[in-house]
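# Structural features, examined
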Amino acid sequence: GIYTTQDPKMVPEGFARTCRKMGWTPAELWVKLSDGKRPWFEAENESYIYWNRGDGKWWMDEPSGSGVYVCKSDDQWPPKFGWTALMGVNERIPIVESIDGSERNS
(Lines give C-alpha, C1' and ligand atoms only; values in the text may rest on other atoms or scores of the structure.)
Protein backbone atom coordinates (compact mmCIF):
# COMPACT_ATOMS: atom_id res chain seq x y z
CA GLY A 1 0.00 0.00 0.00
CA ILE A 2 0.90 3.65 -0.16
CA TYR A 3 1.70 5.41 3.08
CA THR A 4 1.90 9.18 3.54
CA THR A 5 4.13 11.09 5.94
CA GLN A 6 2.47 12.24 9.16
CA ASP A 7 3.40 14.77 11.84
CA PRO A 8 5.46 13.07 14.59
CA LYS A 9 3.37 14.81 17.28
CA MET A 10 0.10 13.41 15.93
CA VAL A 11 -1.07 10.05 17.35
CA PRO A 12 -2.04 7.37 14.76
CA GLU A 13 -5.75 6.50 15.04
CA GLY A 14 -5.04 2.74 15.13
CA PHE A 15 -2.57 3.32 17.98
CA ALA A 16 -5.12 5.43 19.85
CA ARG A 17 -7.81 2.77 19.34
CA THR A 18 -5.59 0.09 20.88
CA CYS A 19 -4.68 2.36 23.80
CA ARG A 20 -8.32 3.18 24.57
CA LYS A 21 -9.22 -0.52 24.38
CA MET A 22 -6.47 -1.30 26.91
CA GLY A 23 -7.38 1.64 29.19
CA TRP A 24 -4.24 3.64 28.39
CA THR A 25 -3.99 7.33 27.50
CA PRO A 26 -3.00 7.46 23.80
CA ALA A 27 -1.10 10.78 23.91
CA GLU A 28 0.95 9.77 26.96
CA LEU A 29 1.94 6.39 25.53
CA TRP A 30 2.74 7.94 22.12
CA VAL A 31 5.18 10.35 23.82
CA LYS A 32 6.84 7.40 25.59
CA LEU A 33 7.19 5.24 22.47
CA SER A 34 7.86 7.69 19.64
CA ASP A 35 10.77 10.12 19.69
CA GLY A 36 8.60 13.03 18.56
CA LYS A 37 11.05 13.76 15.72
CA ARG A 38 10.78 10.96 13.18
CA PRO A 39 7.65 11.15 11.07
CA TRP A 40 5.31 8.20 11.00
CA PHE A 41 3.45 6.98 7.94
CA GLU A 42 -0.20 6.12 7.38
CA ALA A 43 -2.08 4.24 4.66
CA GLU A 44 -5.65 5.02 3.59
CA ASN A 45 -6.90 2.05 5.63
CA GLU A 46 -5.21 3.48 8.80
CA SER A 47 -2.35 0.96 8.81
CA TYR A 48 0.73 2.81 9.99
CA ILE A 49 4.52 2.61 10.33
CA TYR A 50 6.37 4.27 13.19
CA TRP A 51 9.70 4.11 15.01
CA ASN A 52 9.57 2.85 18.59
CA ARG A 53 12.32 4.28 20.77
CA GLY A 54 11.61 1.68 23.48
CA ASP A 55 13.00 -1.17 21.38
CA GLY A 56 14.76 0.71 18.54
CA LYS A 57 12.54 -0.88 15.90
CA TRP A 58 10.32 0.37 13.13
CA TRP A 59 6.84 -1.13 13.53
CA MET A 60 4.30 -1.73 10.79
CA ASP A 61 0.86 -2.02 12.41
CA GLU A 62 -2.49 -2.95 10.94
CA PRO A 63 -5.50 -0.59 11.28
CA SER A 64 -6.50 -2.20 14.59
CA GLY A 65 -3.14 -1.15 16.07
CA SER A 66 -1.78 -4.71 16.22
CA GLY A 67 1.82 -5.09 15.12
CA VAL A 68 2.42 -7.07 11.93
CA TYR A 69 6.10 -6.48 11.04
CA VAL A 70 9.17 -5.02 12.78
CA CYS A 71 12.62 -3.97 11.64
CA LYS A 72 15.52 -3.11 13.96
CA SER A 73 16.99 0.18 12.72
CA ASP A 74 17.97 3.63 13.98
CA ASP A 75 17.45 5.14 10.52
CA GLN A 76 15.39 8.32 10.31
CA TRP A 77 13.14 6.65 7.70
CA PRO A 78 11.69 3.14 7.54
CA PRO A 79 14.26 0.74 6.06
CA LYS A 80 13.67 -0.82 2.67
CA PHE A 81 14.67 -4.36 3.73
CA GLY A 82 15.04 -6.35 6.94
CA TRP A 83 11.41 -6.56 8.05
CA THR A 84 10.37 -9.57 10.15
CA ALA A 85 6.81 -10.89 10.46
CA LEU A 86 5.47 -11.12 13.98
CA MET A 87 4.06 -14.40 15.26
CA GLY A 88 0.85 -15.40 13.51
CA VAL A 89 1.48 -13.32 10.39
CA ASN A 90 1.50 -15.43 7.24
CA GLU A 91 2.00 -12.71 4.65
CA ARG A 92 4.91 -11.78 2.41
CA ILE A 93 7.65 -9.70 4.01
CA PRO A 94 7.28 -6.11 2.79
CA ILE A 95 9.79 -3.95 0.97
CA VAL A 96 9.46 -0.26 1.87
CA GLU A 97 10.32 2.36 -0.73
CA SER A 98 10.43 6.14 -0.57
CA ILE A 99 8.83 7.82 -3.59
CA ASP A 100 9.35 11.50 -2.96
CA GLY A 101 12.22 12.17 -5.33
CA SER A 102 15.02 11.59 -2.83
CA GLU A 103 16.65 8.28 -1.97
CA ARG A 104 16.52 7.77 1.80
CA ASN A 105 17.01 4.01 2.02
CA SER A 106 20.31 2.27 1.57
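Here, every reference points to the structure presented above.
Now for a look at the structure at hand.

Reading guide: rules and limits
- Residues numbered from 1 in each chain as written.
- Predicted model: local features only at pLDDT ≥ 70, side-chain atom pairs only at ≥ 80, totals over all residues.
- Heavy atoms only, no water.
- Pairing = 2+ DSSP bridges.
- Helix = DSSP H or I, 4+ residues; strand = E, 2+ residues; numbered from the N terminus.
- Core = buried A, V, L, I, M, F, W, Y, C linked by side-chain atoms within 4.5 Å.
- Buried < 20%, exposed > 50% of the residue type's maximum accessible area, 1.4 Å probe, protein only.
- Contact = heavy atoms within 4.5 Å.
- Salt bridge = Lys/Arg side-chain N within 4 Å of Asp/Glu carboxyl O.

### Notes on the sheet that holds strand β4 (residues 57-61)
The six strands lie next to each other as β1-β2-β3-β4-β5-β6, forming an open sheet whose pairing is antiparallel. For this open sheet the edge positions go to β1 (3-6) and β6 (84-85), each flanked by a neighbour on one side alone. Here β4 runs beside strand β5 (residues 67-72); their pairing, made up of five bridges, is antiparallel. Along β5, the bridge assignment pairs Trp 59 with Val 70.

### Some points on the nonpolar core
By size, the foremost hydrophobic cluster in this structure holds 10 residues: Phe 41, Ile 49, Trp 51, Trp 58, Met 60, Val 68, Tyr 69, Cys 71, Trp 83 and Val 96. Those elements that place two or more of their residues in this core are β3 (48-52), β4 and β5. Element by element, the count of residues in this core is highest for β5, at three residues. With residues near it in sequence (within four places) discarded, Trp 83 still touches Ile 49, Trp 58, Trp 59, Met 60, Tyr 69, Val 70, Cys 71, Pro 78, Ile 93, Pro 94 and Val 96.

### Describing the pattern of salt bridges
Evaluated as defined, the whole model comprises four salt bridges. For Glu 13, the salt bridge is made with Arg 17, and the minimal N-O distance between the two is 3.9 Å. In this pair, Glu 13 and Arg 17 are both assigned in helix α1 (residues 13-22), four residues apart and thus about one turn of the helix distant. Bridged by salt links that share partners, the residues Glu 13, Arg 17, Arg 20 and Glu 46 form one connected network.

### Comments concerning α1
Every buried residue of α1 is listed here: Gly 14, Phe 15, Ala 16 and Cys 19. If you follow the buried residues of α1, they end up packed against α2 (26-33) and β3. Of the residues flanking the end of α1, it is Gly 23, one or two places downstream, whose phi is positive at about 85°.

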